[in-house]
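What the coordinates show
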Amino acid sequence: MSRSSDDNDRSTYSRGEEFLQAFKKGAEFTQELLKENEKLRYRVLKLEEALSQAGGEGGKDQSSEAVQLRQRIEELEQEKAEILGQIKEIEEENEDFANRYVEIEEENNMLANLYIASFQLHSTLDFKEVLQIIVEIVINLIGAEEFGILLLDEKTNKLEPVAAEGITTSDIPAVPVGQGIIGEAAETGENYFIASISGYVRDYEKPLVCIPLKIKDQVIGVITIYKLLVQKEEFTGVDYELFTLLAGHAATAVFSSRLYSDSERKLSTIQGFIDLLTK
Amino acid sequence: MDVHKVLVVEDSPTMRQLIVFALKRIRGLKIAEASDGVDGLKKLSAETFDLILTDINMPIMDGLKLVSMVRNDPKYKEVPIVVITTEGAVEDRERALSLGANEYITKPIQTTTILDTVKRLLPL
């Protein structure tokens, strides 16, 4: 009995020792785990701090870049507005130039026409031929369909019809200087244009247009227009200038050709007398 | 540069000179003149032209007769014809175009219109 009891006691002691050792080891392991846990929690905290710090700095960078970009966009918008303004100015200038070009082209054409017309008017001293050239010019350059040419008779102080187109010369009445629209135009030397062409009915005493033929201030006759070509609906700015310039050239051409015709006639009369006397 | 021959048929010397003067502003044109339709036909038979400009109201032979005769000539079947006239009525225009005219320009003469038309019809 005692021997087995001793053995039992020894075995129980030994198992208790073993358990105690295992418990100690478990306690040590638990301690180590707790320490490790603390270390990790500390590490996580640090990392979170670092991450938060890092995130904050990145946001700041992004924010500053966004501000810069916004400024750049504003600058570019301003630049764009300035460029658009300049383009608009250039376009306006361009339109101005284009309009000016058309005006100059028109004037150039008018001067070319005038050059040819005056060249033709002064190319002859034949009175009838000069009248014919005036008629052609008024039809083709002015666009008149019915008109007359009246010249001043200094003896009677009346404007006498000498040529006409679209109407008969004899239909146009002689007009005393100073009387009516035609007579007044001859007296003052001022061009006359009716206020409105539409609805006009031919009246020999009230033409659409009356242009005095002037050499300086001396009126030698008038051109009276009663009807325009169907396609010529109104007068253009160029027409008014053309009228005046042509009237000047026509006047000198008429005057010199009439003077030449008179001198030719007188010369032949004198020649006749001389022939009579010398025979 | 190619030279294009143009015939101007117009009885009025003033208007003829005016048209010729205007056409001289286009480079590469050789311009001939005729005073009526018959004179025009003579010039057309003597040499070849690339374009004809003609008035309508002319003595001896008017412009419409000329257009008609030119179009019946195989030599000038395809040659552009431009009528320049005082006749502004629609029926006058239609008649000229039906006879074979390519363009119908009414007077008073507008140099720009003549030049633009010639430039359009000739391969300049």
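This part covers the overall build of chain B. Assigned secondary structure in chain B consists of five helices and five strands. Reading the secondary structure of chain B in the N-to-C direction produces β-α-β-α-β-α-β-α-β-α. At 13 Å, chain B has a C-alpha radius of gyration in line with the 14 Å of a compact globule built from 124 residues. Seen along its three principal axes, the alpha-carbon backbone of chain B occupies a region of about 40 × 30 × 25 Å. Counting all 124 residues of chain B, 50% fall into the buried class.

All names here are of chain A. Domain boundaries assigned for chain A yield domain 1 (3-119) and domain 2 (125-267). Distance between the C-alpha centres of domain 1 and domain 2: 88 Å. Between domain 1 and domain 2, roughly 710 Å² of surface is buried when both sides are summed, and carbon and sulfur atoms account for 84% of that area. For domain 1, the biggest contributors to the area lost against domain 2 are M110, L114 and A117; these three give 66% of the whole. Seen at the junction of domain 1 and domain 2, the total is zero salt bridges.

One can find N109 of chain A in helix α1 (residues 2-121). Classification of N109 of chain A as buried rests on a relative accessible area of 5%. In terms of polar contacts, N109 of chain A uses its side chain to reach the side chain of R25 of chain B, at 2.6 Å. Non-local contacts of N109 of chain A, meaning those with residues more than four positions away in its chain, are made with R25, T111 and T112 of chain B.

Time to look at the sheet that holds strand β4 (residues 192-193) of chain A. All names here are of chain A. Overall, antiparallel pairing links the six strands, which are arranged β3-β2-β1-β6-β5-β4 in an open sheet. In this open sheet, the two strands that pair with only one neighbour each are β3 (175-176) and β4. Set on the sheet, helix α2 (residues 127-142) makes contact with β1 (144-153), β2 (158-165) and β6 (218-228); between it and β1 the angle comes to about 145°. Against the sheet, helix α4 (residues 237-278) makes contact with β1, β4, β5 (209-215) and β6, and its axis sits at roughly 50° relative to β5, the strand it touches most.

Turning our eyes to something else, we now look at the pairing of strand β3 (residues 51-54) of chain B. Residue and element names in this part refer to chain B. Burial of the side chains of β3 extends over both faces: L51 and L53 are buried on one face and I52 and T54 on the other. Pairing of strand β1 (residues 4-9) with β3, which is carried by four bridges, proceeds in the parallel orientation. From the neighbouring strand, V6 faces β3, where its bridge partner is L51. By the bridge criterion, three bridges tie β3 to strand β4 (residues 81-85) in an arrangement that is parallel. Bridged to T54 within β4 is V83. Following the chain from β3 across helix α3 (residues 63-72) to the adjacent parallel β4, one finds a crossover that is right-handed.

If you check α4 of chain A, its first and last C-alpha atoms are 61 Å apart, about what 42 residues at 1.5 Å a residue would give, namely 62 Å. Buried residues of α4 of chain A: D239, L242, F243, L246, A247, A250, A251, A253, V254 and S257 of chain A, and no others.

Another point: the interface of chain A and chain B. Contacts between the two partners involve 21 residues from chain A, matched on the other side by 19 residues from chain B. Together, the buried faces of chain A and chain B total about 1700 Å²; carbon and sulfur atoms form 56% of this surface. Residue R25 of chain B is joined to E105 of chain A by a salt bridge in which the shortest nitrogen-to-oxygen separation is 2.9 Å. Elements with a minimum of two residues in the side of chain A that touches chain B: α1 and α2 of chain A. For the side of chain A that touches chain B, the leading source of residues is α1 of chain A, giving nine residues.

Conventions adopted
- Residues numbered from 1 in each chain as written.
- Chains lettered and ligands numbered in written order.
- Predicted model: local features only at pLDDT ≥ 70, side-chain atom pairs only at ≥ 80, totals over all residues.
- Heavy atoms only, no water.
- Helix = DSSP H or I, 4+ residues; strand = E, 2+ residues; numbered from the N terminus.
- Rg over C-alpha atoms; globule rule 2.2 N^0.38 Å.
- Buried < 20%, exposed > 50% of the residue type's maximum accessible area, 1.4 Å probe, protein only.
- Domains from an automatic or database assignment.
- Buried area = accessible area lost by both parts, 1.4 Å probe.
- Salt bridge = Lys/Arg side-chain N within 4 Å of Asp/Glu carboxyl O.
- Polar contact = N/O pair within 3.5 Å; in protein donor to acceptor, adjacent residues only side chain to side chain.
- Contact = heavy atoms within 4.5 Å.
- Pairing = 2+ DSSP bridges.
- Axes fitted to C-alpha atoms, helices over the stretch in contact; angles between N-to-C directions.
- Right-handed = clockwise from strand over helix to strand, strands pointing away.
- Expected span 1.5 Å × (residues − 1).

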